[in-house]
Amino acid sequence: MRYNSNVSTGATLIIDIDSSSVGACVLTEINHEPVVSNVKRVPVGTGAVRDANALVPQLKEALGTLLADYKSLNPKNVFVVTASPWFTASLRTLASKSEKPVKVSQSTVARVVSDYRKTEHPAGHVLESLPISVTVNGYRTRVLKPLLGSTLGVTLYESAIDEGCARTVTEAIAGVAQHARLVWHSTQIVYAEMVTSLLGAEYVTVVDVGGEQTDLMIISRGSIGFVGSLPEGARSVARTVATALAGKGEGSLPDALSRLNMLASSELAEADTQATAAALTNAGTSWSKNFMEVLVGVSNTVPVPHRVVAIGEGDDMSWFSRVIRGAGDAPAAAIHVGEPEVVGPEFFKGGLSFGEGGAYDASLALSALFFHTRHRTTAAGPDYPPVLYSVH
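Conventions we followed
Residues numbered from 1 in each chain as written. Predicted model: local features only at pLDDT ≥ 70, side-chain atom pairs only at ≥ 80, totals over all residues. Heavy atoms only, no water. Pairing = 2+ DSSP bridges. Helix = DSSP H or I, 4+ residues; strand = E, 2+ residues; numbered from the N terminus. Buried < 20%, exposed > 50% of the residue type's maximum accessible area, 1.4 Å probe, protein only. Contact = heavy atoms within 4.5 Å. Axes fitted to C-alpha atoms, helices over the stretch in contact; angles between N-to-C directions. Polar contact = N/O pair within 3.5 Å; in protein donor to acceptor, adjacent residues only side chain to side chain. Expected span 1.5 Å × (residues − 1). Phe/Tyr/Trp six-rings, centres within 6.5 Å; stacked < 30°, edge-to-face > 60°. Parallel < 35°, antiparallel > 145°, perpendicular 65-115°, else oblique. Left-handed = near helix turned anticlockwise from the far one by under 90°. Nonpolar A, V, L, I, M, F, W, Y, C, P; charged D, E, K, R; others polar.

Participant: Can you lay out the pairing of strand 13 (residues 223-230) for me, pointing to particular residues and giving the numbers?
Facilitator: The pairing of strand 12 (residues 214-220) with strand 13 spans seven bridges and is classified as antiparallel. Pairing of threonine 214 across the sheet is with leucine 230, part of strand 13.

Participant: How would you summarise the environment of aspartate 255 if you had to cite specific residues and measurements?
Facilitator: You can see aspartate 255 is positioned in helix 6 (residues 253-264). Note on aspartate 255: relative accessible area 37%, which makes it partly exposed. Through-space distance from the C-alpha of aspartate 255 to that of histidine 185 is 35 Å; in sequence the pair is 70 residues apart.

Participant: Which residues make up the sheet that holds strand 7 (residues 125-136), and what are the values?
Facilitator: Strand order in this open sheet of four strands is 6-9-7-8, and the pairing throughout is antiparallel. In this open sheet, the two edge strands, each paired with only one partner strand, are strand 6 (87-104) and strand 8 (139-140). Pairing of strand 7 with strand 8, which is carried by two bridges, proceeds in the antiparallel orientation. Bridge pairing links valine 136 to tyrosine 139 in strand 8. Across the sheet, helix 2 (residues 106-119) touches strand 6, strand 7 and strand 9 (147-161), and the angle it forms with strand 9 is around 45°.

Participant: Go over the sheet that holds strand 15 (residues 341-342), please, and point to the residues and values.
Facilitator: The strands making up a sheet associate through backbone hydrogen bonding, with each pair oriented either parallel or antiparallel. Judged by pairing direction, the sheet is mixed, and its five strands sit side by side in the order 13-12-11-14-15 without closing on themselves. Looking at strand neighbours, the two that pair on one side only are strand 13 and strand 15, the edges of this open sheet. On top of the sheet, helix 4 (residues 187-199) reaches strand 11 (204-209), strand 12, strand 13, strand 14 (308-311) and strand 15; it is set at about 45° to strand 12, its chief contact. Against the sheet, helix 8 (residues 285-298) touches strand 11, strand 12 and strand 13, its axis set at about 150° to strand 13.

Participant: Account for the side chain of glutamate 158, naming residues and giving values.
Facilitator: Following the sequence through the fold, glutamate 158 ends up in strand 9. Separated by 3.0 Å, the side chains of glutamate 158 and tyrosine 116 make a polar contact. Excluding residues that lie within four positions of it along the chain, glutamate 158 makes contacts with Thr88, Ala89, Ser90, Arg92, Tyr116, His121, Pro122, Glu128 and Ser129.

Participant: Please set out helix 5 (residues 234-246) residue by residue, giving values where relevant.
Facilitator: In this model helix 5 runs 18 Å from its N-terminal to its C-terminal C-alpha over 13 residues, within 8% of the 18 Å that 1.5 Å per residue would give. Those residues of helix 5 that fall on the buried side of the exposure criterion are Ala234, Ser236, Val237, Ala238, Arg239, Val241 and Ala242. Of the surrounding secondary structure, the elements contacted by the buried residues of helix 5 are strand 11, helix 6, helix 7 (270-283) and helix 9 (314-329).

Participant: Break down the packing of aromatic side chains for me, citing the residues and quoting the values.
Facilitator: Applying the stated criterion across every chain, the model contains seven aromatic pairs. Ring geometry for tryptophan 287 against phenylalanine 320: centres 5.2 Å apart, planes inclined by 90°, an arrangement best described as edge-to-face. Taken together, the positions of tryptophan 287 in helix 8 and phenylalanine 320 in helix 9 put the pair 33 residues apart, joining distant regions of the chain. Judged by its relative accessible area of 0%, tryptophan 287 is buried. When the ring of tryptophan 319 is compared with that of phenylalanine 320, the centres are 5.7 Å apart and the planes differ by 65°; the resulting orientation is edge-to-face. A single burial state applies to tryptophan 319 and to phenylalanine 320, both of which are buried. The rings of Trp287, Phe291, Trp319 and Phe320 are connected pair by pair, giving a single aromatic cluster.

Participant: Kindly report on helix 4, identifying the contributing residues and their values.
Facilitator: Here helix 4 is 13 residues long and its end C-alpha atoms lie 17 Å apart, about the 18 Å a rise of 1.5 Å per residue gives. Helix 4 sits mainly inside the fold: eleven of its 13 residues count as buried. Regarding helix 4, the residues found buried are Thr187, Gln188, Ile189, Val190, Tyr191, Ala192, Glu193, Met194, Val195, Thr196 and Leu198. With its phi angle positive at about 65°, glycine 200 sits one or two positions after the end of helix 4.

Participant: Outline the packing of helix 1 (residues 52-67) against helix 3 (residues 163-174), listing residues and values.
Facilitator: Across the interface, helix 1 lies against helix 3 with an axial gap of 10 Å and an inter-helix angle of 15°. When the axes of helix 1 and helix 3 are compared, the pair comes out roughly parallel. As helix 1 runs across helix 3, the sense of the crossing is right-handed. Of the residues in helix 3, those touching helix 1 at Val56, Leu59, Lys60, Leu63 and Leu67 are Cys165, Thr168, Val169, Ala172 and Ile173. Here the contact of helix 1 with helix 3 is built from residues that sort into eight nonpolar, one polar and one charged.

Just geometry here; none of it tells us what the structure is for.
Put into structure tokens, the structure is as follows:
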């Protein structure tokens, strides 16, 4: 990744909404290359509240604080990416069959999806309703040219957020970018697209570790095969460590995070190393158990890849990768989990530069590159063009 001090025009504001924080950055282009600057992140709540509806007032406050720094930006575009608990997502297969072979084209796929949308859609404010894989006569295809077939299957990814949350975010953005083009996406689509394209990975388990929740994706045969979430994240585990280290009552979260970071960098004395490592192992038990239960359930229908890519805040991932690895190392683990590959600056292979106020933030970096490559000419509106894999 490169740092660039030049100034460019046509700024885009990217907002990342996590379970415990909201971040933002400015995306511009220099010689058609993406440049990230003005990176900021502020907390949402204290972790005591996890329900999305109950968190909306705290999200509103956090957005007000964050977006005040971008009032003079006047962006042309605003891209919003939401993680759990702010969105719900599902995969659905739309199937059709004819007695005789008929011509199947991309317009056929679009018509099948359009007909479905006329009668069914997720509850709340729809973010995405995208065909991500297509089969004709049981064979996966990109439908690059018309085919003959008697059966058609379209896997549809759908996501939505609560109307109240959407209104809160939209109103906050209008205060700093009233006339900007606004596009929403879920982290599932953004991260799946970037992981598969940057790694060339056909099979991978993606673990997005938020502050209070964790999103999971199984990439199978180059497409999303499963989406789900766990009710704990890095800060949830760290608070349990804090309580254990304090001995009684509620311990200090900042102190626990400091100790965990020093544990990861081997900077603690032997006694403190043993105590902190034991506290982390115990604190991660619930997360590991839930993680394994999800993977075992998924394995009944989708192969679970051993390759694991982990996404999260840099300091947290230095020690949370132990929790992920420990889930697969446990004697009772039913599925092997490999050493997690943490998404760091090197993951982007020099594909991003940083301008003034730029700093590496995994979520914002993935979103910036996604929107740079996928949405440079996308029109605004509720119906987005297909994003992933089989239909472009």
